[in-house]
Protein chains: 4
Amino acid sequence: MDSTFKTIALIGKYKSLEIAEPLLKLADFLAGMGLTVVVDNLTGSHLKHHSYTEIALAEMGGKVDLAIVLGGDGTLLNVARTLAPFKIPLIGVNQGRLGFLTDISIETMQRTISNMLRGDYITENRMLLSAAISRDGKQIFDSLAFNDVVIHRGNNSSMIECEVLIDGEYLSNQRADGLIVSTPTGSTAYSLSAGGPILHPALEAIVLVPVAPHNLSNRPIVVKGDAQLEILMHRADEARVRFDGHTHFDLLRDDKVSISRYIEPVCLLHPRGHSYYHTLREKLLWNQPL
Amino acid sequence: MDSTFKTIALIGKYKSLEIAEPLLKLADFLAGMGLTVVVDNLTGSHLKHHSYTEIALAEMGGKVDLAIVLGGDGTLLNVARTLAPFKIPLIGVNQGRLGFLTDISIETMQRTISNMLRGDYITENRMLLSAAISRDGKQIFDSLAFNDVVIHRGNNSSMIECEVLIDGEYLSNQRADGLIVSTPTGSTAYSLSAGGPILHPALEAIVLVPVAPHNLSNRPIVVKGDAQLEILMHRADEARVRFDGHTHFDLLRDDKVSISRYIEPVCLLHPRGHSYYHTLREKLLWNQPL
Amino acid sequence: MDSTFKTIALIGKYKSLEIAEPLLKLADFLAGMGLTVVVDNLTGSHLKHHSYTEIALAEMGGKVDLAIVLGGDGTLLNVARTLAPFKIPLIGVNQGRLGFLTDISIETMQRTISNMLRGDYITENRMLLSAAISRDGKQIFDSLAFNDVVIHRGNNSSMIECEVLIDGEYLSNQRADGLIVSTPTGSTAYSLSAGGPILHPALEAIVLVPVAPHNLSNRPIVVKGDAQLEILMHRADEARVRFDGHTHFDLLRDDKVSISRYIEPVCLLHPRGHSYYHTLREKLLWNQPL
Amino acid sequence: MDSTFKTIALIGKYKSLEIAEPLLKLADFLAGMGLTVVVDNLTGSHLKHHSYTEIALAEMGGKVDLAIVLGGDGTLLNVARTLAPFKIPLIGVNQGRLGFLTDISIETMQRTISNMLRGDYITENRMLLSAAISRDGKQIFDSLAFNDVVIHRGNNSSMIECEVLIDGEYLSNQRADGLIVSTPTGSTAYSLSAGGPILHPALEAIVLVPVAPHNLSNRPIVVKGDAQLEILMHRADEARVRFDGHTHFDLLRDDKVSISRYIEPVCLLHPRGHSYYHTLREKLLWNQPL
């Protein structure tokens, strides 16, 4: 087949048994099209016997032209953070109800993906956040986030208190359960539950959303995508910073969390006809009678 | 002096050194009026030499006619939970900015309190919540709460999931950061930050307020004060229940939290002229130009 | 039939042609049970030939033991306001999707209602509001409201400004698009859209909900059902007060709107097994996956 | 004086008498610096005798290098809409409490403005919206808006219902009191009261904020500044569209409101040291204890 994507990596939801069969079926289908198929090694360890080369996510740079993720939005978030430095485009296949990021149904994936491999797709770049934590002037942790970086009081009964700087300028002191720093992608996740706005994915912007803020006039604020955020912990008893709700790091008083846009965007491929607004209506039940 | 309150207990903010002097001054003033003054023993342990009888909060039932608390609203909350079974009325004196509950200034306390002891006061009953936690059919913890009982995901990155029954009838499954069950007193505290309504203290009602709920149409609901609430934990990875943000208990899956109005209200005494709405305007900055 | 309800009034949605057939069918069914059936005269004027006595809503007091409304919640609201002084219980039959108040389906109404007439029903009393408008010290308008009394800026581009007193005590000055004063029944209508809490119908309470308030710490406040509210218009350029979104009255500066609980509640009859929380879950889509 | 601004227009708050004296004082001060001063003719008609050339706002294009507005934010909004096509930079002087746009105090204006005329200023471009209303395929009205374009039900008791398209793609049907389409500048005005986020002024973005939406999962959505919005009125009984709350136009069913970014931004000049976040903290009382 005359696709620009010669080598395709398949990645399944972590430890999901029901993904094994459709994943191998898709592998065979793609191999039958003359494409080289590799399988993420963590995914492979849960597959029965198969003949595809296994390769770790972190080793895919330069070797893989396209990654297809079978799972839910959470799986794609995790894969996207790891593959982001390598500029490998991603396709998301959902085993259940379609997600914001995994918008192809497992039932129709063969036809949809073969159309996409023939060039029938839409490219969408989405920004990630890069966060670093400094203590006593030294960087002690860093992580990417595709949805959000969340500073939260964790198990503590007291609010966090932190000072927020944007591009070096003082914004405010936040006293709240938490502070969400979200990408447009994350704006329909936790940020939305906490009262944040929806940001169209094409917008280069970051939104800061307080969770249950003490000050009732403390509202979500949207800043430019290239803003440099610094968050200084004034009170951080058992506070924690979480990245996409996946990894976390425990904060101490006077720690600084620096957040900015990651240099590389995630490149998502969608089938032609994909509509962000359609997904929004479906997920938020906007078409249901009330 | 011809007061109905013969024996008066003085209780100071825990471990607060600056409360010592005004507390002893008030003690001397009341003793000078011919009243019997006792001092909470925890408070007493932080006072220098004094001649007043010390007595534990838990021993005050039947021995004390009135308790005067010097501290902030948090101190009064704690004292009120302990004294609630004894029907001892409470007066709150605030060392700093006046609170919702501690509405007498330390500067003017002598004159205000002597007027109140002459009968010039307003009585206000406020409801408390009584909560019990059951595991495998056995009650394993219980506590009172004056502000709120809060079930929260704590350090966990996943939402809590719990099933809420009101008077034995199924209300809904809650998926959220947390669920606040608040009295009218607590409605101006954490509940308000999470989007709950203000409940006038004279209202016999309980409000359930979700924190950052997954379902965007999940809204605060106000039920009658005599409602029997049961909350069954369907997902409780590191969930915790907190009482007035003071004590807490770690929950497990399938634990049941039962909450209802405590049989005895807290009786607060206010100086004549006290206005709840005035306090509300002051605390919420309603009179400030925007 | 041995029902306590001997004479039953049938009332259909105003000017609705599709209600005619099921209404007459229900009339024949009830007459066949030996009950006396009368028809609201406005409804009757849209029926073809029928032999039932027609009677105006306002004349039903003392003559009718039960009123059955066929329509939606809006129809029942209107009927309830008119019948409220007469203490006539109401049953609501819905021609479409079940409502909060009209909870019997037109498809199953015969069986459900015959069970209810045999005594198999739940009685629920719901409070109404009574509102009066005074100008220059004279009352110039009054109305009942089952859902809400709403003061709104109408076509004007400026906010309304009004002063709110509760039981003669000053609450606050409101600057907003509008101010909603809602019963528990109305709490799931316009009030909910404006950010108000859900009030369980058994709660004797009134909620004041600002619409798009200028002051960001202005929040809904719930007061006791017997509270006396007075709203003084400080700025009322083209302001209007609306009652259940049905009738309205144009306000002028310095007008006073007085609102309190109406002396008679509306008595609703529900089929056994009726669940308020079930309706809530259905209407607010709480059971839908997001 | 060696300023790049040779001819300076002074514009005062409409019909404001108290602006006359400081305005003429500023005029004399600027003239004393060797600059040419002209006065807006509407402003001039309320000044006593003066010797400055009067000129209509709409005639200032090409003749004026800088406009200084004395009044509040509302005055500057109005001036900005009229001057926007001419690319004349604006300075805002406030007679009362400083505004978001009028950030120079009348007390200190002489020193501040003379510093700015020496080059000591910050330039900030802010986007405006251009809106057009079409009926039966013909454009029948158009207007600029610096804050917001608001479609509102006006005096009608029913919600508006409209269909929103973004860049030709269907977003949703809106049923609400109104729909606010706001610039970053407008995000701290009416939009904020209705629950919208704060948008930093440097962000090229438009936010759509429903007012009291019927659907509880209907949330503010932020789209790119170059988005083309079309709003089709499905129900518009007495609906009205308002521009900056200043001008308005009555809508009919099937009218289309098209909104996009105006080609020219407004250019604001601020004194060095100006801080948007500082203004935000002041206006939203973020520094006040609660």
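Once a new chain begins, its residue numbering starts again from 1 and follows that chain's sequence as written. Key to labels: chains lettered from A, ligands numbered from 1, both in the order written. The predicted nature of this model means local features are confined to residues of pLDDT at least 70 and side-chain atom pairs, given and counted, to a pLDDT of 80 or more, with totals for whole chains, interfaces and linings taken over all residues. Each side-chain value is worked out from all heavy atoms of the structure, with water and hydrogens disregarded.

**With respect to the overall build of chain A**
So, step 1. Secondary structure counts use DSSP, requiring at least four H or I residues in a row for a helix and at least two E residues in a row for a strand, with both numbered from the N terminus. Summing up its helical and strand segments, chain A has 6 helices and 21 strands in all.
So, step 2. Only C-alpha atoms enter the radius of gyration, while the globule expectation follows 2.2 Å times N to the 0.38, with N the number of residues. In terms of overall size, chain A behaves like a compact globule, its C-alpha atoms giving a radius of gyration of 20 Å where 290 residues would be expected to give roughly 19 Å.
So, step 3. Sorting the 290 residues of chain A into buried and exposed places 61% on the buried side.
So, step 4. Contacts between residues were defined by any pair of non-hydrogen atoms, one from each residue, lying within 4.5 Å. Residue pairs at least 24 apart in sequence account for 66% of intrachain contacts in chain A once pairs closer than 6 positions are excluded.
So, step 5. Within the structure as shown, chain A displays about 11100 Å² of accessible surface, and the carbon and sulfur contribution to it stands at 48%.
So, step 6. His is not counted, nor are the chain ends, whereas Lys and Arg count as positive and Asp and Glu as negative. Taken as the charge location is NZ of Lys, CZ of Arg, CG of Asp or CD of Glu. Charge-centre separation for chain A: the mean point of 27 positive side chains lies 3 Å from the mean point of 32 negative side chains. To sort residues, take the accessible area from a 1.4 Å probe on protein chains only and compare it with the maximum for the residue type: under 20% means buried, over 50% means exposed, and anything in between is partly exposed. Using a 1.4 Å probe, the Shrake-Rupley method yields the accessible areas, and only the shown protein chains count as cover for residues.

**Concerning the confidence of the model for chain A**
So, step 1. Note on scores: pLDDT gives the predictor's confidence for each residue, bounded by 0 and 100. Chain-level statistics for chain A give a pLDDT mean of 94 and a share of 98% at 70 or above.
So, step 2. Across the interfaces of the predicted complex, the ipTM metric reaches 0.96, alongside a pTM of 0.97.

**Concerning the domain arrangement of chain A**
Residues and elements named next belong to chain A.
So, step 1. The domain boundaries assigned to chain A delineate domain 1 (7-127 + 265-283) and domain 2 (129-261).
So, step 2. Reported domain spans reflect what an automatic or database domain assignment gives. One C-alpha centre belongs to domain 1, the other to domain 2; they are set 29 Å apart.
So, step 3. With both chains or domains summed, domain 1 and domain 2 bury close to 1500 Å², and 70% of this area falls on carbon and sulfur atoms.
So, step 4. Using a 1.4 Å probe, buried area is obtained as the accessible area two parts lose upon being combined, added over both of them. Sorting the residues of domain 1 by area buried against domain 2 places L77, R81 and M127 first, and these three jointly supply 53% of that buried surface.
So, step 5. For this analysis, a salt bridge means a side-chain nitrogen from Lys or Arg found within 4 Å of a carboxyl oxygen belonging to Asp or Glu. There are 1 salt bridge connecting domain 1 and domain 2.
So, step 6. D244 is the salt-bridge partner of R81, the closest N and O atoms lying 2.4 Å from each other.
So, step 7. N or O atoms closer than or at 3.5 Å make up a polar contact, with two conditions inside protein: a donor-capable atom paired with an acceptor-capable one, and, for residues adjacent in sequence, both atoms drawn from side chains. Across the contact surface, domain 1 and domain 2 share 3 residue pairs in polar contact (both at pLDDT 80 or more).
So, step 8. If you list the elements that add at least two residues to the side of domain 1 that touches domain 2, you get α3 (73-83), β7 (121-126) and α6 (276-283).
So, step 9. If one sorts the elements of the side of domain 1 that touches domain 2 by residue count, α3 sits on top with 5 residues.

**Considerations on the interface of chain A and chain B**
So, step 1. Counting residues at the interface gives 21 residues for chain A and 21 residues for chain B.
So, step 2. Buried area between chain A and chain B, summed over both chains or domains, comes out near 1600 Å², and the portion from carbon and sulfur atoms is 44%.
So, step 3. When the buried area of chain A at its contact with chain B is split by residue, N155, S193 and L216 of chain A rank highest and sum to 33% of it.
So, step 4. Seen at the junction of chain A and chain B, the total is 0 salt bridges.
So, step 5. Linking chain A to chain B there are 14 residue pairs in polar contact (both at pLDDT 80 or more).
So, step 6. Counting only elements with at least two residues in the side of chain A that touches chain B, the list comes to α5 (190-193) and β18 (240-243) of chain A.
So, step 7. With 3 residues, the single largest contributor to the side of chain A that touches chain B is α5 of chain A.

**Some thoughts on the relation of the copies chain A and chain B**
Between the two chain copies there is a screw-like relation: a rotation about an axis and a shift along it.
So, step 1. When chain A is fitted to chain B, the residual RMSD is 0.0 Å, and the transformation amounts to a turn of 180° plus an axial shift of 0.0 Å. The operation mapping one copy onto its partner corresponds to a two-fold rotation axis.
So, step 2. A share of 100% of the interface residues of chain A reappears at the interface of chain B, consistent with the copies meeting face to face through the same patch. The copies were overlaid by least squares, fitting only the C-alpha atoms of residues that reach a pLDDT of 70 or more in each copy.

**Some remarks on the interface of chain A and chain D**
So, step 1. Contact residues are listed per partner, giving 37 residues for chain A and 37 residues for chain D.
So, step 2. At the boundary of chain A with chain D, the tally comes to 0 salt bridges.
So, step 3. Those elements that place two or more of their residues in the side of chain A that touches chain D are β12 (169-176), β14 (198-199), β16 (221-224) and α6 of chain A.
So, step 4. Across the side of chain A that touches chain D, the residue classes tally to 22 nonpolar, 10 polar and 5 charged.
So, step 5. In this structure, β14 of chain A lies alongside strand β16 (residues 221-224) of chain D, joined through 2 bridges in parallel fashion. Bridging from a neighbouring strand, L199 of chain A pairs with V222 of chain D of β16 of chain D. Under this grouping Gly is polar, as are all residues other than the nonpolar Ala, Val, Leu, Ile, Met, Phe, Trp, Tyr, Cys and Pro and the charged Asp, Glu, Lys and Arg. Two strands qualify as a pair provided DSSP detects at least 2 bridges between them.

**Focus: the environment of L47 of chain C**
Residue and element names in this part refer to chain C.
So, step 1. Tracing the chain through its elements places L47 in the loop between α2 (41-44) and β3 (53-55).
So, step 2. Classification of L47 by relative accessible area gives buried; the value is 9%.
So, step 3. Residues L47 and D103 lie 56 residues apart in sequence; the distance between their C-alpha atoms is 24 Å.
So, step 4. When sequence neighbours within four positions are dropped, the list of residues in contact with L47 reads A20, L23, L24 and V39.

**Describing the relation of the copies chain A and chain D**
So, step 1. For the pair chain A and chain D, the superposition axis carries a translation of 0.0 Å, the fit reaches an RMSD of 0.0 Å, and the rotation angle comes to 180°.
So, step 2. Both copies share a contact surface, since 100% of the interface residues of chain A are interface residues in chain D too.

**Thoughts on the packing of aromatic side chains**
All names here are of chain B.
So, step 1. Working definition: a ring pair exists when centres of Phe, Tyr or Trp rings (six-membered ring for Trp) sit within 6.5 Å. Plane angles under 30 degrees give stacked, over 60 give edge-to-face, the rest tilted. Going through the model one piece at a time under the given rule, you end up with 20 aromatic pairs over all chains.
So, step 2. The interplanar angle of 35° and the centroid separation of 5.8 Å between the aromatic rings of F141 and F243 together place this pair among those described as tilted. Pair noted here: F141 is in strand β9 (residues 138-145) and F243 is in strand β18 (residues 240-243), with a separation of 102 residues, a long-range link.
So, step 3. Overall, F141 belongs to the partly exposed group, its relative accessible area being 24%.

**Things to note about the sheet that holds strand β18 (residues 240-243) of chain C**
So, step 1. One open sheet accounts for 7 strands, arranged β14(B)-β16(C)-β15(C)-β13(C)-β10(C)-β18(C)-β19(C); its pairing is mixed. Looking at the sheet topology across the chains shown, the edges are occupied by β14 (198-199) of chain B together with β19 (247-250) of chain C.

**A look at the pairing of strand β15 (residues 205-211) of chain A**
On any regular strand, side chains alternate: one points to one face of the sheet, the next to the other face.
Residue and element names in this part refer to chain A.
So, step 1. Counting buried positions over the 7 residues of β15 gives 7, a clear majority of the element.
So, step 2. Both faces of β15 are covered, namely the face carrying A205, V207, V209 and V211 and the face carrying I206, L208 and P210.
So, step 3. As defined by bridge partners, strand β13 (residues 178-182) adjoins β15 across 5 bridges and the pair is classed as antiparallel. Considered in β15, the bridge of G178 is made with V211.
So, step 4. Relative to β16, β15 runs antiparallel, the two being bridged by 4 bridges. Counterpart to I206 in the pairing with β16 is V223.

**Re the side chain of D177 of chain D**
So, step 1. Tracing the chain through its elements places D177 of chain D in the loop between β12 (169-176) and β13 (178-182).
So, step 2. Once you skip the residues sitting within four places of it in the chain, D177 of chain D turns out to touch H152, Y190 and V211 of chain C together with I151, H152, R153, I160, V211 and A212 of chain D.

**Remarks on the packing of helix α1 (residues 20-32) of chain D against helix α4 (residues 109-117) of chain D**
Residue and element names in this part refer to chain D.
So, step 1. Between N-to-C directions, angles span 0 to 180 degrees; the directions come from axes that are lines fitted to C-alpha atoms, helices contributing only their stretch in contact. α4 packs onto α1 with a crossing angle of 40° between their chain directions and a minimal axis gap of 11 Å. As far as their axial angle goes, α4 and α1 are oblique. Relative to α4, the crossing made by α1 is right-handed. On α4, the residues that touch P22, K25, L26, F29 and L30 of α1 are M109, Q110, I113, S114 and L117.
So, step 2. Looking at the contact of α1 with α4, its residues break down into 7 nonpolar, 2 polar and 1 charged. Oblique is the label for any angle not covered by the other classes, which are roughly parallel (under 35 degrees), roughly antiparallel (over 145) and roughly perpendicular (65 to 115). Each helix crossing is assigned a hand: it is left-handed if the near helix lies turned anticlockwise from the far helix by less than a right angle, otherwise right-handed if that turn is clockwise.

**What to know about the pattern of salt bridges**
So, step 1. Applying the stated criterion to the full structure yields 48 salt bridges over all chains.
So, step 2. We note a salt bridge from E161 of chain D to R235 of chain D, for which the minimum N-O separation is 3.4 Å. Residue E161 of chain D is located in strand β11 (residues 160-166), and its partner R235 of chain D is located in strand β17 (residues 229-235); the two are separated by 74 residues in the primary sequence.
So, step 3. Relative accessible area serves as the criterion here: at 21%, E161 of chain D is assigned to the partly exposed category.
So, step 4. Given the relative accessible area of 33%, R235 of chain D is considered partly exposed.
So, step 5. One continuous salt-bridge network, built from bridges that share partners, spans E161, R175, R235 and D237 of chain A.

**Quick look at helix α1 (residues 20-32) of chain A**
All names here are of chain A.
So, step 1. End to end, α1 covers 18 Å across 13 residues, agreeing with the expected 18 Å (1.5 Å per residue, within 8%).
So, step 2. Taken as a whole, α1 has its buried residues at A20, P22, L23, L24, L26, A27 and L30.
So, step 3. Immediately downstream of α1, the backbone of G34 shows phi near 90°, a positive value. Any helix carries an expected span of 1.5 Å times its number of residues minus one.

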